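Take a look at the letters that make up each chain.
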Amino acid sequence: MQIKVKLFATLRENREKELMMDLPQGATPKDIIEALNISEEEAAIVFLNGKSVGLDKVLEDNDTVSIFPPVGGG
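What comes next concerns the included structure. Please read these numbers as outputs of a predicted model, since none were measured by experiment. Here the residue numbering is sequential within each chain, running from 1 through the sequence in written order. A pLDDT threshold of at least 70 governs which residues receive local features in this predicted model, and a stricter bar of 80 or more applies before side-chain atom pairs are shown or counted, although totals over entire chains, interfaces and linings include all residues. Note that water and hydrogens are dropped before the side-chain values are worked out from all heavy atoms of the structure.

Considerations on the pattern of salt bridges
A side-chain nitrogen of Lys or Arg and a carboxyl oxygen of Asp or Glu constitute a salt bridge if their distance falls within 4 Å. Counted by the stated rule, this structure contains two salt bridges. Residue K4 pairs with E18 through a salt bridge whose shortest N-O separation is 3.7 Å. Here the residue K4 occupies a position in strand β1 (residues 2-7), and E18 occupies one in strand β2 (residues 18-22), the gap between them amounting to 14 residues. Where K30 meets E40, a salt bridge forms, and the shortest distance between an N and an O atom there is 3.3 Å. Of this pair, K30 sits in helix α1 (residues 29-35) while E40 sits in the loop between α1 and β3 (45-48), and the two are 10 residues apart along the sequence. Helix and strand definitions here come from DSSP, where helices need a minimum of 4 consecutive H or I residues and strands a minimum of 2 consecutive E residues; each element is numbered from the N-terminal end.

Topic: the packing of aromatic side chains
Here a Phe, Tyr or Trp ring, Trp counted by its six-membered ring, pairs with any other such ring whose centre lies within 6.5 Å, and the pair is stacked when the planes are under 30 degrees apart, edge-to-face when over 60, and tilted otherwise. Throughout the structure, instances matching the rule amount to two aromatic pairs. Ring geometry for F47 against F68: centres 5.7 Å apart, planes inclined by 80°, an arrangement best described as edge-to-face. Here F47, found in strand β3, pairs with F68, found in strand β5 (residues 64-68); they are 21 residues apart in sequence, far enough to count as distant. Judged by relative accessible area, F47 falls into the partly exposed class, the value being 27%. Relative accessibility thresholds used throughout: buried, under 20% of the residue-type maximum; exposed, over 50%; partly exposed, between the two (1.4 Å probe, protein chains only). F68 sits in the partly exposed class, given a relative accessible area of 22%. Three or more aromatic residues joined by ring pairs form one cluster here, namely F8, F47 and F68.

Considerations on the pairing of β2
What you see with β2 is a clean split: L19 and M21 sit on the buried side and E18, M20 and D22 on the side with no burial. Of the pairings in the sheet, the one linking β1 to β2 comprises five bridges and is antiparallel in character. Of the residues in β2, the one forming a bridge with K4 is M20. When DSSP locates at least two bridges between a pair of strands, those strands are taken to pair.

This is the structure:
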């Protein structure tokens with residue numbers, strides 16, 4: 001299945017900011033971050049089609065996964 005992956009902020013360093021990934025049925029955001037060599041700590045916020053999800057959410061064909069690092073500020 002085809003999944004669009006969008007990376008933000010520091011996660012874009014040495015990676016594409018947007019890419020298409022071909023993943024097997026039953027894949028999760030955790031599979032994506034592992035394939036991109038991103039640690040779970042770096043992938044602090046994950047959105048699936050605009051809604052916050054956990055790393056174990058099962059993906060479907062043509063989903064869009066957005067991954068953000070921890071956010072700080074004040």
